[in-house]
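# Structure at a glance
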Amino acid sequence: MRYPRIVVLVGVAISIMIFAISTMLYSRSSLSDQNSSKLDTVGGHTPGYPILQTTGDVLDPTSFVINPKTAVVEPMKYLREFNYGRISTSSNGTVIRDFTLIASDQQTKEVSPGVFYNVWTFNGTIPGPTIRATEGDVIRITLINNGTKFHSIHFHGIHPSEMDGVFEGIAPGGKFTYEFTAEPFGVFPYHCHMQPLEEHITHGLYGVFIIDPKQGRPQADEMVMLMNGYDTDFDTENNFYTVNGIPFYYMHHPIQIEKNRLIRIYLLNILEFDPLNNFHLHANMFDFYKTGTKLIPDEYTDIVTMNQAERGILEFSYKYPGKYMFHAHKTEFAEKGWTGLFLVKDGTTQSVNENLNVTSIRNITDYSTSDFNKSTNHVPTGGVK
Ligand SMILES: [Cu+2]
């Protein structure tokens, strides 16, 4: 069969084009391979590797101020606030500490500038107040349920079954007093234990419970850090990660500490949905006391990784003044809010923070019981009361 002349010509032209394109592509890929081996680089920008793109959302929204009336917590106040309860003594001399926690689940508060979320809280804040006692004290915590769902308080530590806060939920409008002896010494979570558990936790019903050893710990500048997250679009993945309730807060309001002063951090991870979280300290190392139940450190490190409810005590001091980051060494968490700064002052140069644009959030603690804080100590110097 004979093809018309025009068909033959078109066929030849197409063949030439295909050959030319193939040759070009081959030479490009060879060049790319040569570049790869020459550069010997790793990552998304290496030729031949896919380029990762971010969604571009979140990334440090705290360049403007959170309204103090709507913020979920005042992180700088929370940092060093320890609640010792209303203290009385039994006939045999045992110290009794009474606390009141009010659960609520109907408030909407600002968890990041412009981001409002239905928070479930103990005493109006996320995290709930830090409860502190000494081993051997009798702890009495009255839970008042002002919410619309059943709630409870489950303390970690040693106590009788009926004080475990798991099987008996407190009905809306109800009230119950948990009572047990504080043991052992260490740092513990407390949280609601009603089902579905992840819902009660991710909305914010948790806090830190510290039991001091009878002999106390060395004097230090003490602080509490609780690592959490917020799933604000309800897809069981966190959109924000924080230490002490508001993403990036301590980046804009650095924690001021003194050079050579012993710093003690009671650290707890309560993060829901993500299996792990961690804490990394820049330009320094710390002693780590796992769960805080021993007086001898378990590790000397600059990073500690924790599953949900794991916790411990960090001790360190800075040799040199300046600004130092601390953050999750999980990049996603750090970039979605779990990042902060220490500002180390050398004790002679004052007000290094004057040019840091410090904005304070005041009067937002929504404690519904005026007596909860009666023996609250703002104890920047640490020690045991
Ligand atoms: Cu609950």
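In this report, the structure presented in the accompanying data block is examined. Within any chain, residue numbers begin from 1 and follow the written order of that chain's sequence. Totals for whole chains, interfaces and linings use every residue, but because this is a predicted model, local features are given only for residues with pLDDT of at least 70 and side-chain atom pairs only at 80 or more, for both listing and counting.

### Observations regarding the overall build of the chain
- Only DSSP runs of H or I with at least four residues qualify as helices, and only runs of E with at least two residues qualify as strands; both kinds are numbered from the N terminus onward. Helix and strand counts for the chain come out as five helices and 22 strands.
- Our exposure labels follow a C-beta count within 10 Å of each residue's own C-beta, placed from the backbone: buried means 20 or more other C-beta atoms, exposed means 12 or fewer, and partly exposed covers the counts in between. Here the chain holds 385 residues, and the buried ones make up 37% of them.
- Here the contact rule is simple: place C-beta atoms from the backbone, and any two residues whose C-beta atoms are within 7 Å are in contact. A sequence separation of at least 24 residues applies to 73% of the contacts in the chain between residues at least 6 apart.

### Comments concerning the sheet that holds strand β9 (residues 186-191)
- When DSSP finds two or more bridges between a pair of strands, those strands are recorded as paired. The four strands are arranged β5-β10-β9-β7 in an open sheet whose pairing can be described as mixed. Strand pairing shows two members of the sheet lacking a second neighbour, β5 (131-134) and β7 (154-155), which therefore form its edges.

### A word on the sheet that holds strand β16 (residues 286-290)
- Read across the sheet, six strands follow the order β12-β11-β14-β19-β16-β17 without closing on themselves; strand pairing throughout is mixed. Each edge of the open sheet carries a strand with a single partner, namely β12 (240-243) and β17 (299-301). With strand direction ignored, the average angle separating the axes of adjacent strands in the sheet is 25 degrees.
- With three bridges joining them, β16 and β17 adopt antiparallel strand pairing. When the bridges of β17 are listed, Asp287 appears paired with Tyr300. Between N-to-C directions, angles cover 0 to 180 degrees, with each direction set by a line fitted to C-alpha atoms, over the stretch in contact for helices.

### Quick notes on the pairing of strand β6 (residues 138-145)
- Bridge analysis of strand β3 (residues 95-112) against β6 gives seven bridges, and the strand direction is parallel. Opposite Phe99, over in β6, you have Ile141 as the bridge partner.
- Of the strand pairs in this sheet, β6 and strand β8 (residues 175-181) are connected by seven bridges, and their pairing is antiparallel. Bridging across to β8, Leu143 finds its partner in Phe176.

### Some points on the environment of Gly85
- By secondary structure assignment, the location of Gly85 is in the loop between β1 (81-82) and β2 (86-89).
- Given 24 C-beta atoms within 10 Å, Gly85 falls into the buried group.
- Separated by 47 residues in sequence, Gly85 and Arg132 have C-alpha atoms that sit 7.8 Å apart.

### A look at unusual backbone geometry
- Of note, the bond from Ile126 into Pro127 is cis; its omega dihedral lies within 30 degrees of zero at 0 degrees.
- Here Pro127 is to be found in the loop between β4 (115-122) and β5.
- The peptide bond linking Glu183 to Pro184 adopts the cis configuration, its omega dihedral lying at -10 degrees.
- The topology assignment puts Pro184 in the loop between β8 and β9.
- The phi torsion at Thr236 lies on the positive side, around 60 degrees, for a residue other than glycine.
- Here Thr236 is to be found in the loop between β11 (221-230) and β12.

### Some thoughts on the environment of Thr202
- With respect to the element layout, Thr202 can be found in helix α3 (residues 197-202).
- The class of Thr202 is buried, set by 23 C-beta atoms lying within 10 Å.
- Sequence separation of Thr202 and Glu272 is 70 residues, and the distance between their C-alpha atoms is 5.9 Å.
- When neighbours within four sequence positions are excluded, Thr202 is seen to be in contact with Asp231 and Glu272.

### Considering the pairing of strand β15 (residues 277-281)
- Burial of the side chains of β15 is restricted to one face: Asn277, Phe279 and Leu281 are buried, whereas none of Asn278 and His280 on the reverse face is.
- Across four bridges, β15 lies against strand β18 (residues 303-306) in antiparallel orientation. Following the sheet pairing, Asn278 is matched in β18 by Thr305.

### Remarks on the environment of Leu197
- You can see Leu197 is positioned in helix α3.
- Linking Leu197 and Glu272, residues 75 residues apart in sequence, is a C-alpha distance of 9.9 Å.

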